[in-house]
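Single-letter residue listing:
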Amino acid sequence: MSLKVVIPTPLRKHTGGAEVVEVDAGTVKEVIDRLENKFPGIRNSVCDDSGGLRRFINVYVDGEDVRFLQNLSTPAKDGSEIAIVPAISGG
Amino acid sequence: MSFVKGLRCRECGKEYPARLQAGCEECFAPLEVDYDYAAISNSLTQDRIASRPGNLWRYRELLPVEAEPLVGVASGWTPLVRADRLGRKLGLDHLYLKNDSVSYPTLSFKDRVTSMAVNKAIEFKLEAVGCASTGNLANSVAAQAAAAGISAYILIPESLERSKITATQIYGARVIAVRGNYDDVNRLCAQIAERHPWGFVNVNLRPFYAEGSKTMGFEIAEQLGWRAPTSIVVPMAGGALLSKIHKGLGELERVGLLKEPVKTKLYGAQAVGCNPIVDAVRRKSIDIRPVKPNTIAKSLAIGNPADGYYASGFIQSSGGWADDATDAEISEGISLLAETQGIYTETAGGVSIAVLKKLVDAGHIDRRGITVVAITGNGLKTPEAVALNPPEVIDARIEAFERVVEGGVVHVA
């Protein structure tokens, strides 16, 4: 299934500057696996040593935070948009 | 000239120059402004601070602004009010309220942070500033940007209180309401910030912006005679205010301005309908589980708190605690503060008062010590939070008046 992954600026050093990357994957975990295949080293920026998402990274599938879904196991359908967004503060 | 050495990642320690930057490029963690504390110790004294005007720039050695500030010049230095009537009611010997409901210019503590962010935007020669906001930040960014003569783009959740929208638009800011909750707005804002060369106060100006909250801690200590309180109760949305009060008190100790070491216990307050940090403290964890907010305390309705991890950690390491309040308790808290101390606060202040009461009743707070509660915003911004009976209407005749007040003068609680 073809998915669109939106890459934030700090990670574009891995993607040769690309803002949007297309991958074939069925879950968020597979998205990260495919990204790592294409751009070795990117996983380390997104995941911690235990393989989970880093504390300061949010991942959204079609606008919904994966922590409200099934985290890395969250399924993605054909055409879904996966956005990787660094956490920001607020008020 | 400031005493800023640069920015440093809170997690991995990587250092960056003091520039526009949202977070660490390696691990995405927030960046902290780092200062030359040894030089500040040599130059800053209690007398020196006391000789300066009553605004937050009296602590400028510990703030990240380089040039003479051009906006927010009169911000900060809000009253620390001794609250004996409320204290007696709750059973506290020494209760004080840090009353930022009268903050200049927009009646919330956010004026402290925008004073940093907008002056930095001027230094960086940015043509526009923006933010995602639950209301108070929107008001303050719009006002300070107007005073600076730069454009403001403000993103808010669609459901925001009408008065907070008006109090943003009035300054000529471009206000865009987004379908969804604050966390949706914040995600969009992070993505917009990547495309537009503006200063987003809670994104690429964040390291500087957040430093403004330290001034609440500085002022509390100075107003108590250069002492840190025994306990401090702080409302939490993203968790940054509590974390920065902690940093501020620590800095005063570090540069030798306090009489005794800081032993302040930090207490966090949230609404039941949005309590991810309280939930983490109860689990004795720093792992934040985000929630979908549903509370009248819209200024605190951040379900995915960016500084929640730190706030939860500081609460626990200080020996404090956290609790939450229902919508009904929040309204009661607003009324209780107004009726006992003559201070009309917004929902976040109602949360603080309601949670203060719970923490005292549960024995968490030392009743003999000095307790400070942060009152962060003004009740005129959220009039719909309390339902009061309409006033009695009478004819303009003395008998009509005597008839309605029969039974004597009504004494408030």
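Residues numbered from 1 in each chain as written. Chains lettered and ligands numbered in written order. Predicted model: local features only at pLDDT ≥ 70, side-chain atom pairs only at ≥ 80, totals over all residues.

Participant: What's the story with the overall build of chain B in this structure? I'm lost.
Facilitator: The number of helices and strands found in chain B is 15 helices and 13 strands. Computed over the C-alpha atoms, the radius of gyration of chain B is 21 Å, within 12% of the 22 Å expected from 2.2 N^0.38 for a compact globule of 413 residues. With the C-alpha coordinates aligned to their principal axes, the bounding extent of chain B is approximately 70 × 45 × 45 Å. Split into buried and exposed, the 413 residues of chain B put 57% on the buried side. Considering only intrachain contacts with a sequence separation of at least 6, the fraction spanning at least 24 residues in chain B is 70%. (Helix = DSSP H or I, 4+ residues; strand = E, 2+ residues; numbered from the N terminus. Rg over C-alpha atoms; globule rule 2.2 N^0.38 Å. Buried ≥ 20, exposed ≤ 12 C-beta atoms within 10 Å, placed from the backbone. Contact = placed C-beta atoms within 7 Å.)

Participant: Hey, could you run me through the domain arrangement of chain B in this one?
Facilitator: Bring the parts together and some accessible area is lost; that lost area is often taken as the interface size. All names here are of chain B. When its domains are assigned, chain B resolves into domain 1 (80–107 + 213–385) and domain 2 (110–210). On a C-alpha basis, the centres of domain 1 and domain 2 stand 24 Å from each other. Looking at the side of domain 1 that touches domain 2, the elements with two or more residues in it are helix H9 (214–223) and helix H10 (240–254). Its residues placed into classes, the side of domain 1 that touches domain 2 shows nine nonpolar, nine polar and five charged. (Domains from an automatic or database assignment. Nonpolar A, V, L, I, M, F, W, Y, C, P; charged D, E, K, R; others polar.)

Participant: Sorry, what's going on with helix H4 (residues 110–123) of chain B here?
Facilitator: Along an α-helix, residues three or four apart share an orientation, since each turn contains 3.6 residues. For H4 of chain B, which comprises 14 residues, the first-to-last C-alpha distance of 20 Å matches the rise-based estimate of 20 Å (1.5 Å per residue) to within 8%. Across the 14 residues that make up H4 of chain B, a large majority, 13, are buried. (Expected span 1.5 Å × (residues − 1).)

Participant: Sorry if this is basic, but what is going on with the sheet that holds strand E3 (residues 31–35) of chain B here?
Facilitator: Adjacent strands of a sheet pair through backbone hydrogen bonds, lying either parallel or antiparallel. All names here are of chain B. Taken together, three strands build an open sheet; the order of strands is E2-E1-E3 and the sheet is antiparallel. With one partner strand each, in any of the chains shown, strand E2 (15–16) and E3 form the two edges of the open sheet. For strand E1 (residues 4–9) and E3, the ladder comprises five bridges, and the chain directions are antiparallel. From the neighbouring strand, Val-4 faces E3, where its bridge partner is Tyr-35. (Pairing = 2+ DSSP bridges.)

Participant: Can you help me understand the pairing of strand E13 (residues 370–375) of chain B in this one?
Facilitator: Along any regular strand, the residues point their side chains to alternate faces of the sheet. Residues and elements named next belong to chain B. For E13, a buried count of five out of six residues is recorded, marking the element as mostly surrounded by other parts of the structure. Of the strand pairs in this sheet, strand E10 (residues 231–235) and E13 are connected by three bridges, and their pairing is parallel. Each bridged residue has a counterpart across the sheet, and for Ile-232 the counterpart in E13 is Val-372.

Participant: Before we go on, may I ask you to explain the interface of chain B and chain A in this structure?
Facilitator: With 31 residues of chain B at the contact, the number on the chain A side is 18 residues. Among the secondary structure elements, those contributing two or more residues to the side of chain B that touches chain A are helix H5 (136–148), helix H7 (182–195) and helix H8 (206–211) of chain B. The element contributing the most residues to the side of chain B that touches chain A is H7 of chain B, with six residues. A per-class count over the side of chain B that touches chain A returns 16 nonpolar, nine polar and six charged.

Participant: How should I be thinking about the packing of H5 of chain B against helix H6 (residues 162–169) of chain B in this particular structure?
Facilitator: Any two packed helices are characterised by how steeply their axes cross, that is the angle between the axes, and by the distance between the axes. All names here are of chain B. Here H5 crosses H6 at 15°, and the two axes come no closer than 8 Å. Between H5 and H6, the interaxial angle falls into the category roughly parallel. In this structure, H5 meets H6 at a crossing whose hand is left-handed. Together, Ala-138, Asn-139 and Ala-142 of H5 and Lys-164, Ala-167 and Thr-168 of H6 make up the contact between the two elements. Class assignment for the residues of the contact of H5 with H6 results in three nonpolar, two polar and one charged. (Axes fitted to C-alpha atoms, helices over the stretch in contact; angles between N-to-C directions. Parallel < 35°, antiparallel > 145°, perpendicular 65-115°, else oblique. Left-handed = near helix turned anticlockwise from the far one by under 90°.)

Participant: Explain the sheet that holds strand E12 (residues 321–325) of chain B to me, please; I cannot follow it from the model alone.
Facilitator: Residue and element names in this part refer to chain B. Pairing is mixed in the open sheet, where six strands are placed in the order E4-E5-E13-E10-E11-E12. Of all the strands in the sheet, just strand E4 (80–82) and E12 have a single pairing partner and so form its edges. Looking at each pair of strands side by side, their axes are set apart by 25° on average, direction ignored. Relative to E13, strand E5 (residues 94–99) runs parallel, the two sharing six bridges. The residue bridging Leu-97 from the neighbouring strand is Val-373, located in E13. Sitting on the sheet, H10 is in contact with E10 and strand E11 (265–271), with an inclination near 150° to E10. Along the sheet face, helix H14 (residues 347–361) touches E10, E11, E12 and E13 and points at about 120° away from the line of E12.

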